[in-house]
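Report on the structure
Residues per chain are reported as follows:
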Protein chains: 2
Amino acid sequence: MEKQKIPTRVVPRLSRYYRILREFDDKSWISSRELSVETGFTDTQIRRDFTYFGHFGNRGKGYNVEELKKSLKKILGLDKSWNVMLVGAGNLGKALLGYKGFLEQGFKIVAAFDEDTSKIEKNIAGITVYSMSKLVDIVKEKQIKMAILTVPENVCQEVAEQVVASGVKAIFNFAPKQLKLPVDVKVRHIDMTVEIERLSFMVSRQ
Amino acid sequence: MEKQKIPTRVVPRLSRYYRILREFDDKSWISSRELSVETGFTDTQIRRDFTYFGHFGNRGKGYNVEELKKSLKKILGLDKSWNVMLVGAGNLGKALLGYKGFLEQGFKIVAAFDEDTSKIEKNIAGITVYSMSKLVDIVKEKQIKMAILTVPENVCQEVAEQVVASGVKAIFNFAPKQLKLPVDVKVRHIDMTVEIERLSFMVSRQ
DNA sequence: CAATGTGAAGAAATTCACAGCA
DNA sequence: TGCTGTGAATTTCTTCACATTG
């Protein structure tokens, strides 16, 4: 059961269901139809998505909000908290240090790194900025398991390799560059240029 | 030809091809095989993607870098420049005002808006922050065609509606909330929480 | 030859249609 | 009856295999 292949697009939808459920504290039961209205996905798809992980529903009633929330939380790996580091304390990096959304889901940024000496040892949003040379030590010391990369494009491959060398196997990359890393390193890439260009494509075409 | 249905996943790939080509100024010709190495997509897929828009290649030679770049630029709607506004000059908003990647592709942020009076009439990265009440006038005056939304989740639907009421039909949303807008309004949504949760899922599972 | 371009096959994701259960 | 859960059908996307062309 743990090994079953999950269609890739299921996961972001789970994340969205989970968010909606957090807004539904007043209800005890919710049907796939109601979730459909909230999320814009079809009710069939929602039920299908759940079947990859088990049987969460009650026929005739729907899903118990609390239970479903707990199940999704577990599936998404949000039942434990993550120590995270941020590498690259530029504009975007600083903004993310202050972003509440991560912490709320258990992603705790415990250290930041930058090579600019003027930033080092300073605090941003309560998080200390360290020199890159301390990366390995601090990863170990603070048990860091995930890295957010907000470094310039021209150094991101190199920085990613340093991160991987420190033992971190999960990278959240904001640089507009595809990383080439060992297959066991998990990477998510937010590429703002790609996204704005998709928008531009949509508008230009219609 | 203009009306042919384009598979949704083709577009972000085009954007990636386009970026790679910009790094290949020294070469005059590039093959789908070479593009494949750079992008990680298969050569077949790359050729297939291009066929949706015409015949760009030369058998035996590959693609002319300059021509292909120009074609992709046109397809993605980057051959003209876009006047863009940013709504919500918080941490993330400020970071995006200073982001060079948008301007390079012709997305010019010409105004920012915020309801916090302490920010109004100030300059951030050379861009003036206006009161929300001026939105409609400035959209008209500056011919704004796209909006970047970096407002808190609890107001983003409302703000998005204001934006749409001003006549803007392209929205780039960073708030962790699905917008419900008329179908003719094009929306792209960057949802950082969804992305970090995908990462957490990947790591938790493997 | 060295590459593109593309029908046809195959795989993946979604939706239909309905059986099954509280 | 109201809803879930799921085989089967369908649609969408990707890859294979190869004909085609400079």
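Residues numbered from 1 in each chain as written. Chains lettered and ligands numbered in written order. Predicted model: local features only at pLDDT ≥ 70, side-chain atom pairs only at ≥ 80, totals over all residues. Heavy atoms only, no water.

1. As for the pattern of salt bridges
Considering all chains together, one arrives at 28 salt bridges over all chains under this definition. K80 of chain A is the partner of D79 of chain A in a salt bridge, and the nearest nitrogen-oxygen pair spans 3.4 Å. Two residues, E195 of chain B and R198 of chain B, come together in a salt bridge whose shortest N-O distance is 3.6 Å. Placement of both E195 of chain B and R198 of chain B in helix α9 (residues 192-205) is noted, with a separation of 3 residues, approximately one turn of the helix. Connected through shared salt-bridge partners, D25, E66 and K69 of chain A make up one network. (Salt bridge = Lys/Arg side-chain N within 4 Å of Asp/Glu carboxyl O. Helix = DSSP H or I, 4+ residues; strand = E, 2+ residues; numbered from the N terminus.)

2. Overview of the relation of the copies chain A and chain B
Each of the two chain copies can be brought onto the other by rotation about an axis and movement along it. For these two chains of identical sequence, chain A goes onto chain B by a turn of 180 degrees and a shift of 0.0 Å along the axis, with RMSD 0.0 Å. Taken together, these values place the two copies in the relation of a two-fold axis. (Least-squares fit on C-alpha atoms with pLDDT ≥ 70 in both.)

3. Quick look at the interface of chain A and chain B
Taken together, the contact pairs 65 residues of chain A with 64 residues of chain B. Approximately 5,900 Å² of surface area, both sides summed, lies buried where chain A meets chain B, with 61% of it carried by carbon and sulfur atoms. Our count for the chain A to chain B interface comes out at 6 salt bridges. The salt bridge partner of R19 of chain A is D191 of chain B, with a shortest N-O separation of 2.7 Å. (Contact = heavy atoms within 4.5 Å. Buried area = accessible area lost by both parts, 1.4 Å probe.)

4. Thoughts on a negative patch on the surface
Residue and element names in this part refer to chain A. On the surface, a cluster of negative charge is made up of E115, D116, E158 and E161. Looking at where E161 falls in the secondary structure, it is placed in helix α8 (residues 153-165). For E161, a relative accessible area of 43% translates into the label partly exposed. (Patch = residues over 30% accessible without salt bridge, like charges linked within 9 Å, V, L, I, M, F, W, Y side chains within 5 Å. Areas by Shrake-Rupley, 256 points an atom, 1.4 Å probe, with all protein chains shown as cover. Lys, Arg positive; Asp, Glu negative; His and termini not counted. Charge placed at Lys NZ, Arg CZ, Asp CG, Glu CD. Buried < 20%, exposed > 50% of the residue type's maximum accessible area, 1.4 Å probe, protein only.)

5. Some thoughts on the protein's contact with DNA strand D
Surrounding DNA strand D, one finds 24 residues, the nearest of these being S32, R47, R48 and R59 of chain A together with R59 of chain B. Put simply, 60% of the atoms of DNA strand D that lie within 4 Å of the protein are in sugar or phosphate. Between DNA strand D and the protein, one listed contact pairs a phosphate oxygen with a side-chain N or O atom of Q45 of chain B at 3.2 Å. Those elements that place two or more of their residues in the surface near DNA strand D are α3 (43-51), β2 (57-58) and β3 (62-64) of chain A together with α3 (43-51) of chain B. Ranked by residue count, the leading element in the surface near DNA strand D is α3 of chain A, at 4 residues. Of the residues contributing to the surface near DNA strand D, the split by class is 3 nonpolar, 13 polar and 8 charged. (Near = heavy atom within 4 Å. Polar contact = N/O pair within 3.5 Å; in protein donor to acceptor, adjacent residues only side chain to side chain. Nonpolar A, V, L, I, M, F, W, Y, C, P; charged D, E, K, R; others polar.)

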